[in-house]
Every structure is written in C-alpha cells, then in structure tokens.
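# Geometric and topological summary
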Amino acid sequence: DLGMSDSLAIVFFQYFNGQVRITDYLETQNFALNSVVPFLKSKPYVYGWHFLPHDSAVRSMNDNVSRLDYLYRNGITNASTLRKEGVSIGIDRVLTGLPKILINLGTTTELVRKLPIYKRKYNPDTGDYVGPDHKSESHAADAIRYMFAAIHYYFSKKGEFLIENDIQEN
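Let us look at the structure shown here. (Residues numbered from 1 in each chain as written. Predicted model: local features only at pLDDT ≥ 70, side-chain atom pairs only at ≥ 80, totals over all residues. Heavy atoms only, no water.)

What follows deals with the layout of surface pockets. What the largest pocket holds in volume is close to 730 Å³. For the largest pocket, the lining is made up of 28 residues, of which Val11, Phe12, Phe13, Trp49 and His50 are closest to its centre. Elements with a minimum of two residues in the lining of the largest pocket: β1 (8-16), α1 (33-42), β3 (50-52) and α5 (138-154). Ranked by the residues each element gives to the lining of the largest pocket, the list is headed by β1, at seven residues. A class-by-class count of the residues in the lining of the largest pocket yields 23 nonpolar, four polar and one charged. (1 Å grid on protein atoms, 1.4 Å probe; cavity = no way out; pocket = protein on both sides within 12 Å on 5 of 7 lines; lining within 4 Å. Points joined across faces, edges and corners; volume = space filled by probe spheres on them. Helix = DSSP H or I, 4+ residues; strand = E, 2+ residues; numbered from the N terminus. Nonpolar A, V, L, I, M, F, W, Y, C, P; charged D, E, K, R; others polar.)

Our next topic: the packing of helix α3 (residues 87-97) against α5. α5 packs onto α3 with a crossing angle of 85° between their chain directions and a minimal axis gap of 9 Å. Taken together, the axis directions place α3 and α5 in an arrangement best described as roughly perpendicular. Here Val87, Gly90, Ile91, Arg93, Val94 and Gly97 of α3 come into contact with α5, specifically with Ile144, Arg145, Phe148, Ala149, His152 and Tyr153. Looking at the contact of α3 with α5 residue by residue, the classes come out as seven nonpolar, three polar and two charged. (Axes fitted to C-alpha atoms, helices over the stretch in contact; angles between N-to-C directions. Parallel < 35°, antiparallel > 145°, perpendicular 65-115°, else oblique. Contact = heavy atoms within 4.5 Å.)

Another point: the sheet that holds strand β2 (residues 19-28). Hydrogen bonding along the main chain pairs the strands of a sheet, whether they run parallel or antiparallel. Taken together, three strands build an open sheet; the order of strands is β1-β2-β5 and the sheet is mixed. Two strands close off the open sheet at either side, each with one partner strand: β1 and β5 (102-103). The pairing of β1 with β2 spans nine bridges and is antiparallel. Looking across to β2, one finds that Val11 is bridged to Tyr25. (Pairing = 2+ DSSP bridges.)

Let's shift gears to the packing of aromatic side chains. Enumeration according to the criterion identifies 10 aromatic pairs in this entry. Consider the rings of Phe51 and Tyr154, whose centres lie 5.0 Å apart with planes at 45°: the pair is tilted. With Phe51 in strand β3 and Tyr154 in helix α5, this residue pair connects regions lying 103 residues apart in the sequence. Tyr154 sits in the buried class, given a relative accessible area of 15%. By way of ring pairs, the aromatic residues Phe13, Tyr15, Trp49, Phe51, Tyr154, Phe155 and Phe161 are connected into one cluster. A cation sits over an aromatic face here: Lys43 above Phe12, 5.8 Å from the ring centre. Over the face of the ring belonging to Tyr146 we find Arg145, whose NZ or CZ atom lies 4.9 Å from the ring centre. (Phe/Tyr/Trp six-rings, centres within 6.5 Å; stacked < 30°, edge-to-face > 60°. Buried < 20%, exposed > 50% of the residue type's maximum accessible area, 1.4 Å probe, protein only. Lys NZ or Arg CZ within 6 Å of the ring centre and 35° of its normal.)

A few words on the side chain of Ser156. Relative to the assigned elements, Ser156 resides in the segment after α5. Residues within four places of Ser156 in sequence aside, it is in contact with Tyr15 and Leu162.

Here we take up α3. Taken as a whole, α3 has its buried residues at Gly90, Ile91, Arg93, Val94 and Gly97. Burial along α3 is one-sided: seen end-on, the buried residues are contained in an arc of 160°. What points out from α3, more than 90 degrees from its buried face, is the exposed set Leu95 and Thr96. (Arc of directions from axis to C-beta.)

Here it is in structure tokens:
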C-alpha cells in the first residue's frame, strides 16, 4: 500500500508450494517514494517480483511520472501494477487465506498487532457494508489484501510464478 498522503505499507512474502509465508513488514509515514528504492535494495532479499496497488500507474502531478515508472527508472524492473478490483473481493480472499499463512513474528510485529483490530464499516441503519474503516490499521490490511490479489492473479495453485522477467541482468 503506497499511501497517497498517509502511510506506506509493504508486506514481504514468499509463496512456495501453495504456502504463503510473510517474512517481513514495513509501515511508515516517513518514506517518500525516492526513499523506497534504496530501502528495498538495502534488504538482504532476492526479490522475485514487486506487486503494487492499481494506483501506482497514476502519474504524479509534480513530475508526470507514475510510481511504477519511477521504480523502473531506478532499477526495480521486476514490478507490476495489480488490477483494480472491489475491496470486498479482496477482503474475502484475506478471510479465506489468512488462517493458513505462516508469519515471521520477529519481523512483523506491527502487522501482527494491527490485523486483528482492522474493522469494516457498516451503515448503522441498514447494516450494509459501506467500505473499510480507514484508520491506522487499514494500511496493514490493505497490504495483505494486495498480497492475496497478487497470489490470485500471478501464481498457479501449486505456487508457480506465472510471469517471466524478460530483462536480462549483466
């Protein structure tokens, strides 16, 4: 969750043999996009792919560069923008998948703390779902929702990645 004017949330995960493993989590309000690339490069990970929310394709009003283009220009070429879909579809995926995941508790304290307190908003008169309750814990929930969307669209049921990176590294 890149956060337009609020928190940035990143879930680092592995999907292996149909098993989701969350290895790390970052949430901050103090990162501009120009700090994300050095941060990602500083982690000791070999990234398979970076999945960004649908709004990462929107061009900035400041420089007319999308977040995805910015990452490409700064060496993060294995990245894709997720398709926009209804929030309730993603929430259903999270509710189904969350009980089955493995989480590294040593590097995901903030995520583990926030997920159980995330709430949906309902119309008090009709009881209809009206959207997420946008508070500090919603960034963690959105990042998890995007993770499950990436798994749904980019991985086979066996956990095989469905995209090949055409860019050759020298």
